[in-house]
Structure formats: structure tokens, C-alpha cells
Amino acid sequence: MRTARTAATLMAVVALAAGCSSSGGKTSEDKADGSTGGKSAGTPRLKIAMVTHSGEGDTFWDIVQSGAKQAAAKDNVQFLYSNDKEAKGQAELVQSAIDKKVDGIVVTLAKPEAMKAVLAKAKDAGIPVVTINSGGEFSQAFGALTHIGQDESVAGEAVGSELNARGRKKALCVIHEQGNVSLEQRCAGVKKTFKGSVENLNVEGTNAPASQSSIEAKLQAAKDIDAVVALGAPVAAVAVKAKQDAGSEAEVDTFDLNAAVVKSLKAEDVGFAVDQQPYLQGYLAVDELWLYRTNANVIGGGKPVLTGPAIVTEKDVPKLEKYTARGTR
């Protein structure tokens with residue numbers, strides 16, 4: 001993160017780290033997560049919208065927003081956030097941002113085909129788009145400047161290899177949102193490199209009790225499952241409870257970090273986690289649109305900008321705890 005901030009500061013010349021707020025940067029001094037303050041960039045005020053496919057209660061997107069708001073404060077940007085887990089609703093929110101004549105749009109492509117037409121409208125309106133987190137392979141075709149996130153297939157393959165190293169034989173890959181291409185790619189990546197067998201289980205991620213019951217029932221029915229791969233931090237917490245109630249010996253592993261996952265790593269309730277640095281996804285997306293609008297820059301030359309994956313274990317807890325506690329990792 002220090003590297004990303006330093007690069008952004010050099011390009012901005014006068015940009016200094018400022019605080020995060022729901023409305024983005026101000027010309028007055030702000031505080032960033034209770035740390036340092038400073039003046040925002042001396043460039044014209046911009047309005048940038050971020051529209052994601054997040055469901056309710058997914059802490060991953062709080063971390064993404066934390067990074068976006070930090071960059072917005074630094075860049076003198078009004079930051080607008082909205083989300084809808086339904087593809088149609090997300091597309092409508094993007095259209096709303098277009099109607100507001102924003103200066104840039106950050107969007108996820110969990111269900112890419114539903115976003116294709118509305119992103120074409122953004123392009124026709126002269127509004128630059130940056131995609132983050134999901135659907136990276138569709139980003140360039142849909143006219144985005146760049147995609148910021150991890151390669152989901154590669155991330156899944158890394159998990160498969162880690163499971164091999166841990167001697168696991170049968171894995172349950174829990175998909176918490178049906179139709180999300182990124183989640184499907186993760187499980188497919190696990191299957192590609194894992195020497196054991198992998199079975200996918202679809203659950204309703206926004207319904208924790210139902211998800212827990214589904215995972216618990218599967219573990220009770222298949223006693224030979226020795227690894228549960230959660231595809232998001234909130235599902236990891238649910239999987240840990242399901243494992244305990246089922247009396248299973250399976251190891252729970254997960255994609256993504258938050259304070260709860262780091263605590264579980266420390267307690268060894270979770271074996272390992274895949275970090276894709278969501279803070280960077282939000283921060284760099286806002287910074288890219290600001291740089292493009294003020295200096296015609298494109299980070300990565302239009303190629304995907306990778307923020308992960310990285311495998312973290314209990315050994316990494318000491319250096320992560322203070323960052324997850326403040327909501328930046």
C-alpha cells in the first residue's frame with residue numbers, strides 16, 4: 001500500500017494522504033482513519049461513482065470503500081457508492097450514475113452480460129470506466145480503461161496447490177452467489193491444481209443460517225470431506241460454525257481477509273486465507289479515474305492491474321492485525 005500511495009503522490013505532485021468521508025475529498029483538511037491529515041489535490045473537483053454487486057453484510061466491500069474514500073479525499077473527488085446483488089438492479093444503478101453525469105464510474109462485472117449494454121452507454125456519454133474485482137476478462141471488450149483485481153483462476157489454482165501441500169484429499173467449494181463468474185472461476189481453479197476431488201456447494205450468501213445449515217448437512221453426509229473452501233470472509237465464519245456443529249475434522253480455508261478472518265487464523269479455526277487486497281482495488285480505481293481525467297494517464301497501460309492473490313496464514317497475523325482492525329486489510 002505504501003508503494004501505491006507513493007506512486008500516486010508523485011504523479012499528483014501536490015497530493016497528500018487525507019481523510020476518508022462519505023462525500024470524498026475536501027479542500028480543507030481531513031483525517032484518514034484517525035491518522036494523518038492534509039490538503040486535497042488542487043485539481044478541479046470530480047464526481048466518481050462506484051457500483052458493485054455486493055449483497056448486504058459483506059464486509060469485503062467496506063474495505064474496498066475504505067480505499068476508495070481515502071483516494072477520493074486525496075484527489076478532491078466526491079465519491080458515490082451504491083450496490084445491488086441483482087444484476088438488473090446493478091445495471092440500473094450504473095444508468096443512474098450516467099444520468100448524474102459523473103466524471104467516472106467504477107464497476108464490478110460479476111454478471112458481465114447484464115452490464116454490457118449500460119457500459120456501452122457510459123462510453124457513448126464520454127464517461128471513463130474502470131472495472132474492479134470481478135469479470136476482468138470482459139473489461140477491455142466492454143470499453144473500460146483497465147481492470148483492477150486478482151486473476152480469479154490463478155487464485156483458485158493457488159488454493160488447490162496449498163491444499164495439496166497440506167495433504168488434503170477432498171474439498172468442498174462453497175459458492176455463495178450463483179451465477180457470479182468470479183466465484184465459479186475460483187472453484188474451477190481449485191479443481192485444476194488440486195490432486196484430490198472437489199465438489200461445489202451453492203448457498204445463499206446473504207442468509208447466514210441457511211448457509212450454515214447447508215454446509216453442516218453436507219459435512220454430516222460426507223465425512224471424508226477434509227477441506228472447506230469458503231469464497232468470502234463472511235462465509236468462512238459460517239463454515240467454521242457448521243464444521244463445529246457437524247463434528248467434522250475438515251479444515252476451513254477462505255478467500256479474502258477481514259478482522260474476523262485474521263482472528264480465526266490466529267486461533268487456527270481457519271487454515272489459510274487468500275488476500276486480494278480490496279483496499280487497493282478501491283484506492284487505485286479512484287486514483288486511476290482521477291489520473292485519467294487530470295493527466296490522461298492509464299495505470300498498467302490498459303492491462304489488468306493485479307492486487308493478488310497472496311496466501312496468508314497464522315504466521316502473518318502479527319503484521320495484519322492492526323490493518324484489519326482499522327478496516328484497510
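Everything below is about the structure printed above this text.
All chains use their own residue numbering, which begins from 1 and follows the written sequence. Only residues with pLDDT of 70 or above have their local features reported here, since the model is predicted, and side-chain atom pairs are shown and tallied only from 80 upward, although totals for entire chains, interfaces and linings are computed over all residues. Side-chain metrics in this entry use all non-hydrogen atoms of the structure; hydrogen atoms and water are not considered.

1. Examining the packing of helix 8 (residues 208-221) against helix 9 (residues 233-246)
The axes are straight lines fitted to the C-alpha atoms, using for helices just the contacting stretch, and the angles between their N-to-C directions are given from 0 to 180°. Put simply, DSSP H or I for four residues or longer makes a helix, DSSP E for two residues or longer makes a strand, and each gets a number counted from the N terminus. For the pair helix 8 and helix 9, the least separation of the axes is 8 Å and the interaxial angle reads 45°. What the angle tells us is that helix 8 and helix 9 run oblique. At the point where helix 8 passes helix 9, the crossing takes the right-handed sense. Of helix 9, the residues touching helix 8 (which contributes Ala-208, Ser-211, Gln-212, Ile-215, Glu-216, Leu-219 and Gln-220) are Val-238, Ala-239, Lys-241, Ala-242, Lys-243, Asp-245 and Ala-246. Polar here means any residue outside two lists: the nonpolar Ala, Val, Leu, Ile, Met, Phe, Trp, Tyr, Cys and Pro, and the charged Asp, Glu, Lys and Arg; Gly therefore counts as polar. Across the contact of helix 8 with helix 9, the residue classes tally to 7 nonpolar, 3 polar and 4 charged. Angle categories are assigned with fixed cut-offs, so that under 35 degrees is roughly parallel, over 145 is roughly antiparallel, 65 to 115 is roughly perpendicular, and the rest are oblique. Note: crossing handedness is left-handed where the near helix turns anticlockwise from the far helix by less than a right angle, and right-handed where it turns clockwise. Contacts: residue pairs with any heavy atoms within 4.5 Å of one another.

2. Regarding the side chain of Asp-75
For Asp-75, the location among the structural elements is in helix 2 (residues 60-75). When a residue's accessible area, from a 1.4 Å probe over protein chains only, is under 20% of the maximum for its type it is buried; when over 50% it is exposed; and in between it is partly exposed. Accessibility expressed as a relative area gives 0% for Asp-75, which makes it buried. When sequence neighbours within four positions are dropped, the list of residues in contact with Asp-75 reads Ala-41, Thr-43, Val-286, Asp-287 and Trp-290.

3. Focus on the packing of aromatic side chains
Ring pairs are drawn from Phe, Tyr and Trp, using the six-membered ring of Trp, whenever the two centres fall within 6.5 Å, and their geometry is named by plane angle: stacked under 30 degrees, edge-to-face over 60, tilted for the rest. Tallying each qualifying case throughout the model produces 3 aromatic pairs. Taken together, a centroid distance of 5.0 Å and an interplanar angle of 75° make the contact between Phe-60 and Trp-61 edge-to-face. On the accessibility criterion, Trp-61 (4% relative accessible area) is buried. Judged by centre distance (5.9 Å) and plane angle (40°), the rings of Phe-138 and Phe-142 are tilted. Positioned above the aromatic ring of Trp-290 is the side chain of Lys-74, whose terminal nitrogen or guanidinium carbon lies 5.0 Å from the ring centre. In this scheme, Lys NZ or Arg CZ marks a charge over a ring once it lies within 6 Å of the ring centre and within 35 degrees of the ring normal.

4. Some points on the sheet that holds strand 10 (residues 227-230)
Two strands pair under a simple rule: DSSP has to find at least two bridges between them. If you trace the 6 strands from one edge of the open sheet to the other, you get 9-8-10-11-12-14, paired in mixed fashion. Every interior strand has two partners, whereas the edge strands, strand 9 (197-202) and strand 14 (310-312), have only one. Pairwise comparison of adjacent strand axes, ignoring direction, gives a mean angle of 20° for this sheet. Pairing between strand 10 and strand 11 (residues 251-255): 4 bridges, direction parallel. Bridge assignment links Ala-227 to a residue of strand 11, and that residue is Glu-251. Running at roughly 165° to strand 9, helix 7 (residues 181-193) makes contact with strand 8 (170-175), strand 9 and strand 11 of the sheet. Lying over the sheet, helix 8 contacts strand 8, strand 9 and strand 10, oriented at roughly 145° with respect to strand 9.

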